[in-house]
Structures are given as structure tokens and as C-alpha cells.
Amino acid sequence: MAQNFIATILSNDEVAEKIFKLTVDAAELAENSRAGQFVQFKISDDFTLRRPLGIASTIGGRVKIFYRVVGRGTEFLSRRQVGDSLNILGALGNGYTPRDGKVLLVGGGMGLAPLLCAAEQFSADVLMGGRTRDEVNFWQAEFRPHAEEIFLTTDDGSVGRYGFVTDALPEVLAAKNYSAILTCGPEIMMRGVARIAAAKNLPCEVSFEKRMACGLGACLSCSIDTVNGRRKVCKDGPIFDAREVFDYESDNPHD
Ligand SMILES: Cc1cc2nc3c(=O)[nH]c(=O)nc-3n(C[C@H](O)[C@H](O)[C@H](O)COP(=O)(O)OP(=O)(O)OC[C@H]3O[C@@H](n4cnc5c(N)ncnc54)[C@H](O)[C@@H]3O)c2cc1C
Ligand code: FES
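In short, a report on the structure. All values reported here derive from a predicted model rather than from experimental measurement.

**Here's the deal with the sheet that holds strand β7 (residues 103-108)**
Move 1: Strand order in the open sheet formed by seven strands is β10-β9-β8-β7-β11-β12-β15, with mixed pairing between adjacent strands. Only two strands of the sheet have a single neighbouring strand rather than two, namely β10 (161-162) and β15 (239-241).
Move 2: Pairing between strand β8 (residues 124-130) and strand β9 (residues 150-154): five bridges, direction parallel. Among the inter-strand pairings, Leu127 is bridged to a residue of β9, identified as Phe151.
Move 3: Running over the sheet, helix α6 (residues 187-199) touches β7, β11 (180-184) and β12 (204-207) and is turned about 175 degrees from β12.

**So, the pairing of strand β13 (residues 223-226)**
Move 1: When β13 meets strand β14 (residues 229-232), the two strands line up antiparallel, connected through four bridges. Counterpart to Ile224 in the pairing with β14 is Arg231.
Move 2: Hairpin connection from β13 to β14: two residues lie between these consecutive antiparallel strands.

**What about α6?**
Move 1: Between the first and last C-alpha of α6 there are 18 Å, a value that for 13 residues agrees with the 18 Å anticipated at 1.5 Å per step.
Move 2: Those residues of α6 not exposed but buried are Met189, Met190, Arg191, Val193, Ala194 and Ala197.
Move 3: The first or second residue beyond α6 is Asn201, which carries a positive phi of 60 degrees.

**Remarks on the sheet that holds strand β6 (residues 85-92)**
Pairing between the strands of a sheet is mediated by backbone hydrogen bonds and can be parallel or antiparallel.
Move 1: An order of β4-β3-β6-β1-β2-β5 is seen for the six strands of this open sheet, with the pairing classed as antiparallel. The open sheet has two edge strands, β4 (51-54) and β5 (62-68), and neither has a second partner. Sheet twist, expressed as the mean angle between neighbouring strand axes with direction ignored, is 40 degrees.

**Re helix α4 (residues 133-143)**
For the α-helix, the turn length of 3.6 residues means that residues three or four positions removed from each other point alike.
Move 1: What α4 keeps buried is the set Glu135, Val136, Trp139, Glu142 and Phe143. Mapping the buried residues of α4 onto a view down its axis gives an arc of 110 degrees, with all of them on the same face.
Move 2: Where α4 is buried, its residues contact β1 (3-16), α3 (112-121), β8 and β9.

So, how was this worked out
- Residues numbered from 1 in each chain as written.
- Chains lettered and ligands numbered in written order.
- Predicted model: local features only at pLDDT ≥ 70, side-chain atom pairs only at ≥ 80, totals over all residues.
- Pairing = 2+ DSSP bridges.
- Helix = DSSP H or I, 4+ residues; strand = E, 2+ residues; numbered from the N terminus.
- Contact = placed C-beta atoms within 7 Å.
- Axes fitted to C-alpha atoms, helices over the stretch in contact; angles between N-to-C directions.
- Expected span 1.5 Å × (residues − 1).
- Buried ≥ 20, exposed ≤ 12 C-beta atoms within 10 Å, placed from the backbone.
- Arc of directions from axis to C-beta.

Here it is as C-alpha cells:
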């Protein structure tokens, strides 16, 4: 059940260019959150719409969020100081399905944020990708205490394997048995991951991003078409079975 919280900022630091790690003191929210869920931040009274951001960690009564500064809202958030209060609505959405056995987390860029929470809550390996060494270094440090094994790719080959996560995925799957793949990142990446999972008959859950207003299933602004009809990303998702949202026959996402 989503609630409104006033949380105190414990840290808000730039960990890579334009990428911030925000930690807030929010024990009740942490206790009631599942991996894959998100929160809506009220930025200030000057902003009508809240901003959706994924929950990246819930350990020790603290909620961690990683965000990239892309526009007015995230820029404003990046200037908030330790000790400031934030108005947070959460936890929202459905979250990843808990499973027996080890899962493989496959993420790129900021898509690694909700997967970090999955690494905390499930037995998991992670296959992570980024553009450069700087974009993956801090993620490696965050995942190390939680993921059992970390596989790495970069677009420029500056660290890990050269290429995309989808280049490395067949090899990773050949070496171990996983009960499912949980993925989050650019849609083109998730579609490639889902296709490889389908070929292996492996369950695959994807995390969808849509522009949102209410975040509570009331305004319909985040609706997408799926094989099961119209679904709301904020309420029915953001986590979907890949077969529900990707059309493998035509290789087009349903929305
Ligand atoms: C479920 C969900 C989880 C997300 N988790 C993260 C995360 O963990 N880390 C992270 O960096 N980003 C995440 N995003 C994207 C993040 O919400 C946007 O980058 C952010 O809202 C941009 O706000 P802005 O004011 O800085 O940008 P502006 O472009 O000025 O925003 C204008 C409007 O568009 C919306 N908007 C812009 N980009 C997006 C987007 N990609 N998705 C949805 N709405 C958008 C904003 O919320 C705002 O209402 C997530 C989005 C969704 C839907
Ligand atoms: S944002 Fe309003 S229904 Fe999803």
C-alpha cells in the first residue's frame, strides 16, 4: 500500500558524471518495499508532477536511489543537501517475482538501480553493461557485497568484455543454470535479452519506463498495449513478463 513519507536526506553525492546516489532515512518505506518497485518524489511546490525513481536499496532502514541528472527535476534534486526533507510517495508498482534458485540480473546504465535491490533480496549473479569504465565502476562496488558473480561489458571495452550485455549473455547462460532473468535498461537491450531468454525457455521479467503523472493507476497516462490488453506501467508494472510486452514474431514491442 503506497504511503506518503517525509524522509531526511542522509547523503546525496555525485558518483559519476551527472549520476547521483541519494540515501534517505525511511525505515517504514524500506520495510515495505520490494525489488523492482519505485517511488515518486515531490521535487518542490514549483513542480506539478512528481518524478518516478527506482528503489535501489532498502538495507538498514535506509532507502537508496540512483538518478541521472537529465532535466529540471533531477537537477533540482541534485542540489538538495544532507538534512533536507523530501516528500516521497511509495512503494509503487508490483516488483519482480520472488523465485527459487539463482537468478541472473541483466542491466545497463541506470537500469542497474532496481537490479541492485534485487541482488540484495534474491540469490543472484549480475551481468552489467555501460558505456565506459567510469559508468560501471561504482555499480561494481555497489553490487560486490550482494551479487555472487559479476560479469561486465562496456561499449568502448575500457573494462570487462567489449560490446553489449547481449553479446556476453549466451556465454554466461551456457556456464550456469538460472531460474530466471530479471532485466532493466534501455528497451532495445531488454528486447535482446528477452529474445535470448525465450530461445532458452527461461522466464524473463523486464522493467518498463513510461512518463507518469499520478503513479497510482488513476490517470492512464502510462498505459501500454500488451498481449493481455491495455496495462498501466505504474500499477500493473513496471515489471512485466517479457512475453506480455514483446512481440517476438514481428520483433516489435507492443507499445
Ligand atoms: C518506474 C520508473 C523508474 C525510474 N527509475 C529511475 C532511476 O532509478 N534512476 C533514474 O535516473 N531515472 C529513473 N527513471 C527516469 C526518471 O523518472 C526521469 O529521468 C526523471 O523523471 C526526469 O525528470 P526531470 O525533471 O529531471 O526531467 P524532465 O525531462 O524535465 O522531465 C519532464 C517530465 O517528464 C518525465 N520524464 C522524463 N524522463 C522520463 C523517463 N525516462 N521516464 C519517465 N518519466 C520521465 C518527468 O517525470 C517529468 O514529468 C525512472 C522512470 C520510471 C517510469
Ligand atoms: S501514472 Fe497515472 S495511471 Fe500510471
